[in-house]
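Each chain, letter by letter, is given below.
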Amino acid sequence: MDKTVNQKAWFLVLPVFLVVAFSAVLPLMTVVNYSMQDTFGNNQFFWNGVGWFKELLDPSTDLGGRFLASLGRNLFFSLVILAIEVPLGIVVALSMPRQGWTVAACLVTLALPLLIPWNVVGTIWQIFGRPDIGLLGYTLNAMGIDYNYVSNAVDAWVTVIVMDVWHWTSLVALLCYAGLKSIPEAYYQAAQIDGASRWAVFKAIQLPKMNRVLLIAVLLRFMDSFMIYTEPFVVTGGGPGNSTTFVSIELVKIALGQFDLGKAAALSLVYNLIILIVCWIFYTVMTNAGSERKPQEGAA
Amino acid sequence: MARIDLIDLAHSYGGNDAPEETFALKPVTMTWRQGGAYALLGPSGCGKTTLLNVISGIITPSRGKIQFDGQDITPLSTQKRNIAQVFQFPVIYDTMTVGQNLAFPLKNRGVPKAEIDKRVAEIGRLLDLEPYLNRKATRLTADAKQKISLGRGLVRSDVAAVLFDEPLTVIDPELKWQLRSKLKALHRELDLTMIYVTHDQTEALTFADTVVVMHDGRVVQSGTPAELFDKPAHTFVGYFIGSPGMNILPAEVKGREARIDGHIIALNRAYDNLPANAKIEIGVRPEFVEVVAPTPGLLTARIERIDDLGRIRFARARLGDAKLAARAPAGFTSSDGTAGLKFDPAHVHVYADSLLVEGAA
């Protein structure tokens, strides 16, 4: 069959090209451009080559020190919330009812935190944790626990982590629940007949059947927590000191606080690259884990 | 290995208080002997899977008892009942190799490793799975997976019965036949009680030595394939088994004669004590009705078409409102679209309210 050749069709794609160019390509290229230059205001720019990038990776400079410290904090934060939210989400999903009206009730309740805007979540916890008027802060202090997220770095970290767990565990739980629901009843019946214990059922059936949705959950939660900005900014503002200053908060400080466009551009490019690489590694590792063998011929 | 007794067994998904008419499984009492090959045959929704699940313990019956070798096992959980079940869709544990899949039931029961290895090797050999024992089970074909499901049941040496729930549904037609012969061979070799649920009469009749036909939650007949064919106890059995099914025609029956439209059909036995007010029908398999040229005295039917099945031809005909199939002898043609019907008296059965009536000799 001959293909119809019609060059006019390009006009149909043109609007998309324009939209993408204006919304993505041009801004990104501007950032690349900035990252190679320095400015002292007045729209005057000076060529700096890869200078910012060199500084960024050198902990002895101010920029490098701040970047690497916030990166370390951010990775630690992501690791901690993944370590809490993934197992917790699985447990929640496993204990959810499978049928009846309680299913709908559970789903709606779980979805509630997901529907709250980031800055509102931040504000809720900011007030909730205050020792003077916050229910949590007041109660903890009344119980004799010295809790103050404004002055104590550990308290600030605990608050930010608990807040993230409260906000996002539902997502993991809902994804896992969807995975669990897709397991045919026959699997459970067969496991019963095979005399499998609750733990064996989890290991042999539920976990393997959930691994696709878990991959998605881990990816989403990693990316989201690695880009986290609003909630800690609202609650702790990155403090006390720099103790909860994550990469995005640092980035905003440099770009909008100090107006160091060159440094900020370089930082945001590296930041972006890290997310891409980590996601790629996650994805490759987890998709290969389930299929390390090539497809094989079946037994006749 | 066990004899299975069902004693007044019934199940209702709506609870025991629901009217008996709504029971998914109506009360049944029967015995399945050790080492028998049984098929539960019936259309979708006839209660055959319910009965199977009651036996395997997935469902607790709302009424009655099940005994394995005379021992009441009704309250026992599935784990404790030493049965194996193969489901409609292959169930395999994705992360395990074929060997690990086979070992799983033994491992769960804490059998020593040496014993497990021995059993797995043995079952692997029996099911021709030896070359695959160290491979991941996920990538195998559907029939290999079904063999693994079966193997997980057989691997336990104490298994009382193997239950099959339409196990060949997802298997390719040419492999179906192979797998079915494999099952038969296993049955001969292992002396196991096997219960096979299916809606496919070919599968049931070739697999089982006793076929239990179910209809609307009730066991309507249990017998050898030949019995089901020659003497259906219920009009449903006659219609469901055989292709085409049995002809069921409303008739008046008196003594040794059945009367349709004033025409007399001779019967081999005398039926003098038919229940009054019952719906009386005669049933005769198409194989035992012959179409001939219209002859005075013979019942006349309108021929609609003739199906040539190769070895045999069946005429599809109409008798008033009733449809009918009959054997068309070689060379038979109908010039005016009508034909006479010749019945073989030995194979004409009489049914009252759908149930077979035994006539007096």
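**Q** Sorry, what's going on with the overall build of chain B here?
**A** Along chain B, the regular secondary structure elements total 8 helices and 21 strands. C-alpha extents for chain B along the principal axes are approximately 80 × 50 × 35 Å. Sequence-distant contacts, at least 24 apart, represent 67% of the contacts inside chain B between residues at least 6 apart.

**Q** Teacher, can you tell me more about the overall build of chain A here?
**A** Helix and strand counts for chain A come out as 12 helices and 2 strands. Starting at the N terminus, the α and β elements of chain A follow one another as α-β-β-α-α-α-α-α-α-α-α-α-α-α. Against the compact-globule benchmark of 19 Å for 300 residues, chain A has a radius of gyration of 25 Å, which places it well outside the compact range. Across its three principal axes, chain A shows a C-alpha extent of roughly 80 × 75 × 35 Å. Of all 300 residues assigned to chain A, the portion counted as buried reaches 27%. Pairs at least 24 apart in sequence give 67% of the contacts found in chain A among residues at least 6 apart.

**Q** Looking at this structure, I do not really get the interface of chain A and chain B. What am I missing?
**A** How big an interface is tends to be reported as the loss of accessible area on association of its parts. In this complex, chain A contributes 20 residues to the contact, which on the side of chain B involves 30 residues. Mapped onto the side of chain A that touches chain B, the elements with two or more residues apiece are α8 (185-193) and α9 (198-226) of chain A. Counting residues per element, the side of chain A that touches chain B draws most heavily on α8 of chain A, which supplies 6 residues. Considered class by class, the residues forming the side of chain A that touches chain B number 12 nonpolar, 6 polar and 2 charged.

**Q** So what exactly am I meant to see when it comes to unusual backbone geometry here?
**A** Phi is mostly negative for residues that are not glycine, and the peptide bonds are mostly trans. Residues and elements named next belong to chain B. Look at the link from S243 to P244: it is a cis peptide, with omega at -5°. Relative to the elements of secondary structure, P244 occurs in the loop between α8 (235-240) and β11 (247-250). One non-glycine residue, D69, adopts positive backbone phi at about 50°. When you line up the elements, D69 lands in the loop between β4 (63-68) and β5 (71-72). Phi at E166 is positive, roughly 45°, even though this residue is not glycine. For E166, a count of 21 C-beta atoms within 10 Å corresponds to the buried category.

**Q** Help me understand the confidence of the model for chain A in this model?
**A** Low-pLDDT stretches of the model should not have their predicted coordinates read in fine detail. Looking at chain A as a whole, its pLDDT mean stands at 85, while 96% of the residues score no less than 70. Confidence over residues 292-300 of chain A falls short of pLDDT 50; this stretch has 14 contacts with residues more than four positions distant or in other chains.

**Q** Before we go on, may I ask you to explain the packing of helix α3 (residues 62-95) of chain A against helix α7 (residues 153-181) of chain A in this structure?
**A** All names here are of chain A. As a packed pair, α3 and α7 sit with axes 7 Å apart at the nearest point and diverge in direction by 45°. In terms of axis orientation, α3 runs oblique to α7. Relative to α7, the crossing made by α3 is right-handed. Between α3, through V80, I81, I84, E85, V86, L88, G89, I90, V92 and A93, and α7, the contact on the second element is made entirely by I161, D164, V165, W168, T169, V172, A173, C176, Y177 and L180. Broken down by class, the residue content of the contact of α3 with α7 amounts to 16 nonpolar, 2 polar and 2 charged.

**Q** I would appreciate a short explanation of the confidence of the model for chain B in the present structure.
**A** Looking at chain B as a whole, its pLDDT mean stands at 85, while 100% of the residues score no less than 70. Predicted complex, confidence summary: ipTM 0.73, pTM 0.73.

**Q** Would you explain α7 of chain A in this entry?
**A** An α-helix turns once per 3.6 residues; consequently, residues spaced three or four apart project the same way. Over its 29 residues, α7 of chain A extends 41 Å from the first C-alpha to the last, a length consistent with the 42 Å expected when each residue adds 1.5 Å. Of all the bends in α7 of chain A, the greatest measures close to 40° and is centred on W168 of chain A.

How each quantity is defined
- Residues numbered from 1 in each chain as written.
- Chains lettered and ligands numbered in written order.
- Predicted model: local features only at pLDDT ≥ 70, side-chain atom pairs only at ≥ 80, totals over all residues.
- Helix = DSSP H or I, 4+ residues; strand = E, 2+ residues; numbered from the N terminus.
- Contact = placed C-beta atoms within 7 Å.
- Rg over C-alpha atoms; globule rule 2.2 N^0.38 Å.
- Buried ≥ 20, exposed ≤ 12 C-beta atoms within 10 Å, placed from the backbone.
- Nonpolar A, V, L, I, M, F, W, Y, C, P; charged D, E, K, R; others polar.
- pLDDT = per-residue confidence, 0-100.
- Axes fitted to C-alpha atoms, helices over the stretch in contact; angles between N-to-C directions.
- Parallel < 35°, antiparallel > 145°, perpendicular 65-115°, else oblique.
- Left-handed = near helix turned anticlockwise from the far one by under 90°.
- Expected span 1.5 Å × (residues − 1).
- Bend = angle between axes of the 7 residues up to and from the residue.

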